[in-house]
Amino acid sequence: MKAFIFDLDGVIVDTAKYHYHAWKHLADHLDIPFTEEDNEQFKGVSRKRCLELLLEMGGLTVSQEQFDRWLVEKNEDYLGYIAKMDASEILPDVPRVLDFLRSRGVPMALGSASKNAKPILEKVGLTEYFSAVVDGHDTTRAKPDPQVFELAASRLGVAAPSCVVFEDALAGIAAANSAGMTSIGIGDPEVLTEADRVFRDFTEIDSDFITGLLQGRP
Ligand code: B16
Ligand code: MG
């Protein structure tokens, strides 16, 4: 039996722009220059690690209390954007692929670094597609460590080599590969060079390709 595991941000929804606005707000407050290009490094990376990166960019060292306060501030800002999300923010053709897999009884899981993954799935109305949701609360080791996807596979009761992972971040592709899973990159083929296959988005993924994956073709 095959199982499919989906990353959230950059694969199912484009929350990267909201993370960017929230980090930018904090960066402006701290007088740290921060661009959308800088935000690329934050994709797939935990909230705590993102703040460490931002402070490194600004050459700032702060107390643990201050660090924790800024983490909370950034997240509250981000939650303000999330509150307004609805199904219109699901990336193109994601529902088509999810419906196709569900109609064939394929088990599906979410594997995300975000601690906000469950509320986001609820907001966009996709919760019921996933038999397992592994998020930033469940993991102790971040991508590229395979923990998030290994846990998803074990919750689905499917062996790692039978799992197919959709990921937009380099660290996520590395995590899937190191778990021994089939990795499908969503994004730029020149960036996601380690993925088994890369598509710009789900509009490029047809039923024949999915059927091939179900039959064991990479
Ligand atoms: P949170 P993913 C990741 O989600 C984002 O790509 C990354 O930018 C973010 O810092 C991380 O979640 C943590 O998110 O602050 O909501 O816990 O791509 O793994 O679905
Ligand atoms: Mg992602």
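Above this note sits the structure.
Read on for a plain summary of the structure. (Residues numbered from 1 in each chain as written. Chains lettered and ligands numbered in written order. Predicted model: local features only at pLDDT ≥ 70, side-chain atom pairs only at ≥ 80, totals over all residues. Heavy atoms only, no water.)

**Some details on the coordination of the magnesium ion (ligand 2)**
So, point 1. Protein-derived coordination of the magnesium ion (ligand 2) comes from Asp7 (OD), Asp9 (O) and Asp168 (OD), at a distance range of 2.0 to 2.1 Å.
So, point 2. Look at where the donors of the magnesium ion (ligand 2) fall in the sequence and you get D-x1-D-x158-D. With aspartate 7 in the loop between strand 1 (3-6) and helix 1 (16-29) and aspartate 168 in the loop between strand 4 (163-167) and helix 8 (170-178), this residue pair connects regions lying 161 residues apart in the sequence.
So, point 3. Of the residues examined, aspartate 168 reaches a relative accessible area of 17% and is grouped as buried. (Donors = N, O, S within 2.8 Å, 3.2 Å for Na, K, Ca; no water. Helix = DSSP H or I, 4+ residues; strand = E, 2+ residues; numbered from the N terminus. Buried < 20%, exposed > 50% of the residue type's maximum accessible area, 1.4 Å probe, protein only.)

**Thoughts on the nonpolar core**
So, point 1. Residues Phe4, Phe6, Ile12, Phe130 and Phe166 are the most contacted members of the largest nonpolar core, which totals 38 residues.
So, point 2. Considering every element that reaches this core, the biggest residue donor is helix 5 (residues 94-103), with five residues.
So, point 3. When residues are assigned to domains, this core turns out to be shared by domain 1 (3-14 + 88-214) and domain 2 (16-82), each giving three or more.
So, point 4. In terms of nonpolar packing, the next biggest core, distinct from the first, is built from 17 residues, Ala3, Phe149, Val165 and Met181 among them. (Core = buried A, V, L, I, M, F, W, Y, C linked by side-chain atoms within 4.5 Å. Domains from an automatic or database assignment.)

**Thoughts on the pattern of salt bridges**
So, point 1. Applying the stated rule across the entire model yields 14 salt bridges.
So, point 2. In this structure, the salt-bridge partner of glutamate 40 is lysine 43, at a minimum N-O distance of 3.0 Å. (Salt bridge = Lys/Arg side-chain N within 4 Å of Asp/Glu carboxyl O.)

**Thoughts on the packing of aromatic side chains**
So, point 1. For the structure on display, the rule yields 10 aromatic pairs.
So, point 2. Relative to phenylalanine 209, the ring of phenylalanine 199 lies with its centre 4.8 Å away and its plane at 65 degrees, an arrangement referred to as edge-to-face. One end of the pair, phenylalanine 199, is in strand 6 (residues 197-199); the other, phenylalanine 209, is in helix 9 (residues 207-214), and 10 residues separate them in sequence.
So, point 3. Assessed through its relative accessible area of 6%, phenylalanine 199 is described here as buried. (Phe/Tyr/Trp six-rings, centres within 6.5 Å; stacked < 30°, edge-to-face > 60°.)

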